[in-house]
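# Remarks on the overall topology
Listed below are the residues making up each chain.
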Amino acid sequence: ARSGSPLGARLLAVLSRDHLTEDDWDELEETLLLADVGAGPAGELIDALRTRVRVQGVSDPAAVRALLREELIALVDPTMDREVRTDGAEPGTPGVVLVVGVNGTGKTTTVGKLARVLVAEDKSVVLGAADTFRAAAADQLQTWGSRVGVHTVRADRDGADPAAVAFDAVKHGKATGADVVLVDTAGRLQNKAGLMDELGKITRVVTREAPLTEVLLVLDATTGQNGMQQARVFGEVAGVTGIVLTKLDGTAKGGIVVAVQRALGVPVKLVGLGEGPDDLAPFDAEQFVDGILG
Amino acid sequence: MFNSLSDRLTATFKNLRGRGRLSEADIDATVREIRRALLDADVAVPVVREFAAAVRERALGVEVSGALNPAQQVVKIVNEELVEILGGATRTLRLAKVPPTVIMLAGLQGAGKTTLAGKLAHALKGQGHTPLLVAADLQRPNAVTQLSVVAERAGVPVFAPHPGNQGAVDVDIVIGDPVGVARDGVAYARDKQHDVVIVDTAGRLGVDEALMRQAADIRAAISPDEVLFVIDAMIGQDAVNTATAFLEGVDFTGVVLSKLDGDARGGAALSVAKVTGRPIMFASTGEKLTDFEVFHPDRMAGRILDMGDVLTLIEQA
Ligand SMILES: Nc1nc2c(ncn2[C@@H]2O[C@H](COP(=O)(O)OP(=O)(O)OP(=O)(O)O)[C@@H](O)[C@H]2O)c(=O)[nH]1
Ligand SMILES: Nc1nc2c(ncn2[C@@H]2O[C@H](COP(=O)(O)OP(=O)(O)OP(=O)(O)O)[C@@H](O)[C@H]2O)c(=O)[nH]1
Ligand SMILES: [Mg+2]
Ligand SMILES: [Mg+2]
């Protein structure tokens, strides 16, 4: 089939051939796939890399790997602003952080860990237990709060209106001059319209009392391609401003956030590295990429 | 953009109707599409590789029949292969000859174990059993409280001699004696003539050696009739690592796929079934006690490849 192409193009193809075998390229692609980067983004990354390798005449697999590392880091973008906004947006209002996500990703745990960090910075913190659905969710949050001496605003019964609880928490924070109010919400799958409406209502009702300064989407690092859908829908409904990538202490790499960041521009701000109170860290682009590349 | 694999395959084959046999090039193009669809559904890379090879092999021998176009023909093969792996050993709970039947739950953090404990208890109670829940997760803050609430909602008793982590101590150290609680729970059930015991355990990572050993110790202490591995349908490529670690750690006897009420395609079902050979027994499909059903391999196959419509067409042909 080649015979039909113009001589110049054929010549270029021969002269600038890269020296990696198809197996080398497959292996690189598999590294990305195994980290949950996704078939689409992984294919594009490898194609771009192939072009670059040909143009630059790189022939050593190790050097190509280094280039891939470079590309990935550029994609994850170490220069992005990843500060968690906990300062009040207006004088007299606390910073309000809303924590959202699908079931079981680590929202309540993350709120507990964040409270600990803020208290260590001498901030006064109030927790809002706006998960009124799951069994013992408020108890779980309160346990985290009591450990660092932080008050938890909660409903007096299961099934209470979560928006009302969130509102009360922010109101309480405002009245007591708290620096930050952290609001924990119930896990909900993004395809459940009723539950997503409820989340929309929580954000609207809270905003009446004080502007939301940060909306954190908690993504579980073990999540596969569905993570993209989660980020999209939660982004639309709740105006997500940052991502917390939890459970990075396991074998999962969390590669889905590469596509999420690229498609939605929402930065990963924090990572969860365990179940303990100190297992929360700022996101580090290079460390994350090195995790993916093994 | 084509939405589903069936659309894409139909496009791949649009000029093929009526030809006698699929060429190797046609089949390679098809297998590429299938590979991509499986990866998009989070099926593990090694499983995709093996699966694609098997489909290619079978597709090469295909005679294009009158009733089905080549796309349908290949989809049919893919579906059959999928159902075979997913449903290879479908079965229901094994009850002990001498009660109580002991069921142990295990899995990653947040997979849905405690919720499942309630669902199982509720379903078994409905069938006339007298289940007892045992709170052997002393680690996660208020896990014991959660199980107690779940038990109350399900209308079954809970054995919870230890309050578990109530915040006074750091979660990094092991709290109480979960092995002892599990053992005592089974003894208590025997004594009080409960015919089923469901032991909820803490979530743990496959790489956490200390906690995996603890899970193995619990298993050894209670000799369960079933060890159910609960796995989140949203999990990606890590499914293989995790399932392998739990297979080695607690040698689970069956799998429960949770959060299937979401819109994840659930490729993990295929990965876990293929890599461990253990049957997927139940699907958890919501947060309520009744959101729980027997696993349907055929539905899952259609879901993974997003091709329910084509299957209907094939059935009609
Ligand atoms: N290994 C590990 N486990 C974590 C991490 N973050 C949370 N967990 C565990 O994951 C499980 C679920 O955490 P929760 O904080 O209850 O999750 P959630 O999102 O609030 O769950 P729902 O409110 O039920 O949706 C618990 O067992 C936590 O201890 C992490 O970074 N690493
Ligand atoms: N939508 C949906 N949510 C579920 C399902 N199963 C469990 N959940 C939710 O997932 C979250 C975690 O469930 P748990 O039962 O606490 O999970 P676990 O495995 O016991 O968690 P740990 O004990 O922390 O390891 C809760 O919010 C549950 O309500 C399901 O099938 N569908
Ligand atoms: Mg929670
Ligand atoms: Mg649990």
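Nothing here was measured: the structure is a model prediction, and the numbers come from that model.

## Considering the overall build of chain B
Scanning chain B from N- to C-terminus turns up 12 helices and eight strands. Out of the 317 residues belonging to chain B, those deemed buried represent 57%. Split by element, the accessible area of chain B, about 12,700 Å² in all, is 50% carbon and sulfur.

## Details of the site of ligand 2
Residues in close proximity to ligand 2 total 23 residues, the closest being Gly 112, Lys 113, Thr 114, Thr 115 and Arg 140 of chain B. Nearby residues around ligand 2 are contributed by chains A and B. The separation between an oxygen atom of ligand 2 and a polar main-chain atom of Gly 110 of chain B is 2.9 Å. Between Ser 284 of chain B and ligand 2, the recorded distance is 3.1 Å, taken from a backbone N or O atom to an oxygen atom. Broken down by element, the shell around ligand 2 gets its largest block of residues, four residues, from helix α5 (residues 113–126) of chain B.

## A closer look at the interface of chain A and chain B
Taken together, the contacts link 42 residues of chain A with 41 residues of chain B. Of the roughly 3,500 Å² buried where chain A meets chain B, counting both sides, 52% is carbon and sulfur surface. Across the chain A-chain B interface, the total number found is three salt bridges. Those elements that place two or more of their residues in the side of chain A that touches chain B are α2 (22–34), α3 (39–56), α6 (137–147) and α9 (226–238) of chain A. Among the elements that line the side of chain A that touches chain B, the one with the most residues is α6 of chain A, at five residues. Its residues assigned to classes, the side of chain A that touches chain B comprises 12 nonpolar, 18 polar and 12 charged.

## Digging into the sheet that holds strand β1 (residues 95–100) of chain A
Residues and elements named next belong to chain A. Taken in spatial order, the eight strands of this open sheet run β3-β2-β4-β1-β5-β6-β7-β8, and their pairing is mixed. The open sheet has two free edges, formed respectively by β3 (151–153) and β8 (280–282), since each of these has just one partner strand. Taken over all neighbouring pairs, the strand axes of this sheet differ in orientation by 25° on average, direction set aside. Packing against the sheet, α9 makes contact with β1 and β5 (214–220), and its axis sits at approximately 160° to β5.

## Notes on the sheet that holds strand β5 (residues 226–232) of chain B
Residues and elements named next belong to chain B. On the basis of which strands lie adjacent, the open sheet formed by eight strands has the order β3-β2-β4-β1-β5-β6-β7-β8 and mixed pairing. Edge positions in the open sheet fall to β3 (158–159) and β8 (292–294), since each of these has one partner strand only. Here strand β2 (residues 131–136) runs beside β3; their pairing, made up of two bridges, is parallel. When the bridges of β3 are listed, Leu 133 appears paired with Val 158.

## A look at the nonpolar core
Counting residues in each nonpolar core, the largest one holds 166 residues, and the members touching the most others are Leu 32 of chain A together with Leu 120 and Ile 198 of chain B. The element best represented in this core is helix α3 (residues 45–60) of chain B, accounting for seven residues. What Leu 120 of chain B contacts, discounting residues up to four positions off in sequence, is Leu 93, Ile 103, Leu 105, Ile 198, Leu 228, Phe 282 and Phe 292 of chain B. Formed by 21 residues, the second largest nonpolar core is a distinct cluster that contains Val 84, Leu 127, Leu 216 and Leu 270 of chain A.

## Some details on the pairing of strand β2 (residues 125–130) of chain A
Residues and elements named next belong to chain A. Among the six residues that make up β2, six are buried, leaving the element largely enclosed by the rest of the structure. Burial along β2 is two-sided: Val 125, Leu 127 and Ala 129 and Val 126, Gly 128 and Ala 130, pointing in opposite directions, are all buried. Bridge count for β2 against strand β4 (residues 180–185) is six bridges, and the pairing is parallel. If you follow Val 126 over to β4, its bridge partner there is Val 181.

## Brief notes about the packing of aromatic side chains
If you walk through the whole model with that rule in mind, you get five aromatic pairs over all chains. Consider the rings of Phe 229 of chain B and Phe 252 of chain B, whose centres lie 4.6 Å apart with planes at 20°: the pair is stacked. Highlighted residues: Phe 229 of chain B in strand β5 and Phe 252 of chain B in the loop between α9 (238–250) and β6 (254–258), separated in sequence by 23 residues. Just as Phe 229 of chain B is buried, Phe 252 of chain B falls in that class too. Aromatic side chains Phe 282 of chain B and Phe 292 of chain B sit 5.0 Å apart centroid to centroid with 35° between the ring planes, which places their arrangement in the tilted category. Of this pair, Phe 282 of chain B sits in strand β7 (residues 280–284) while Phe 292 of chain B is found in strand β8, placing the two residues 10 residues apart along the sequence. By the burial criterion, Phe 282 of chain B is buried, and Phe 292 of chain B matches it. Grouped by ring-pair contacts, the aromatic residues Phe 229, Phe 246 and Phe 252 of chain B constitute a single cluster. The ring of Trp 144 of chain A has Arg 147 of chain A sitting right over it, with the charged end atom 4.7 Å from the ring centre.

## Focus on the side chain of Ser 271 of chain B
Tracing the chain through its elements places Ser 271 of chain B in helix α10 (residues 268–276). Not counting residues up to four positions away in its chain, the partners in contact with Ser 271 of chain B are Asp 42, Val 43, Ala 44, Val 47, Ala 239 and Val 240 of chain B.

## Comments concerning the packing of helix α5 (residues 107–120) of chain A against α6 of chain A
Helices that pack against each other are described as a pair by the angle of their axes relative to one another and the distance between those axes. All names here are of chain A. Contact geometry of α5 with α6 gives a least axis separation of 9 Å together with a crossing angle of 20°. Viewed along their axes, α5 and α6 adopt a mutual orientation that is roughly parallel. Considering how the two elements wind past one another, α5 and α6 form a crossing that is right-handed. Judged by residue contacts, Thr 108, Thr 109, Val 111, Gly 112 and Lys 113 of α5 engage Gln 140, Leu 141 and Trp 144 from α6. Along the lines of polarity and charge, the residues of the contact of α5 with α6 split into three nonpolar, four polar and one charged.

Rules and cut-offs
- Residues numbered from 1 in each chain as written.
- Chains lettered and ligands numbered in written order.
- Predicted model: local features only at pLDDT ≥ 70, side-chain atom pairs only at ≥ 80, totals over all residues.
- Heavy atoms only, no water.
- Helix = DSSP H or I, 4+ residues; strand = E, 2+ residues; numbered from the N terminus.
- Buried < 20%, exposed > 50% of the residue type's maximum accessible area, 1.4 Å probe, protein only.
- Areas by Shrake-Rupley, 256 points an atom, 1.4 Å probe, with all protein chains shown as cover.
- Near = heavy atom within 4 Å.
- Polar contact = N/O pair within 3.5 Å; in protein donor to acceptor, adjacent residues only side chain to side chain.
- Contact = heavy atoms within 4.5 Å.
- Buried area = accessible area lost by both parts, 1.4 Å probe.
- Salt bridge = Lys/Arg side-chain N within 4 Å of Asp/Glu carboxyl O.
- Nonpolar A, V, L, I, M, F, W, Y, C, P; charged D, E, K, R; others polar.
- Pairing = 2+ DSSP bridges.
- Axes fitted to C-alpha atoms, helices over the stretch in contact; angles between N-to-C directions.
- Core = buried A, V, L, I, M, F, W, Y, C linked by side-chain atoms within 4.5 Å.
- Phe/Tyr/Trp six-rings, centres within 6.5 Å; stacked < 30°, edge-to-face > 60°.
- Lys NZ or Arg CZ within 6 Å of the ring centre and 35° of its normal.
- Parallel < 35°, antiparallel > 145°, perpendicular 65-115°, else oblique.
- Left-handed = near helix turned anticlockwise from the far one by under 90°.

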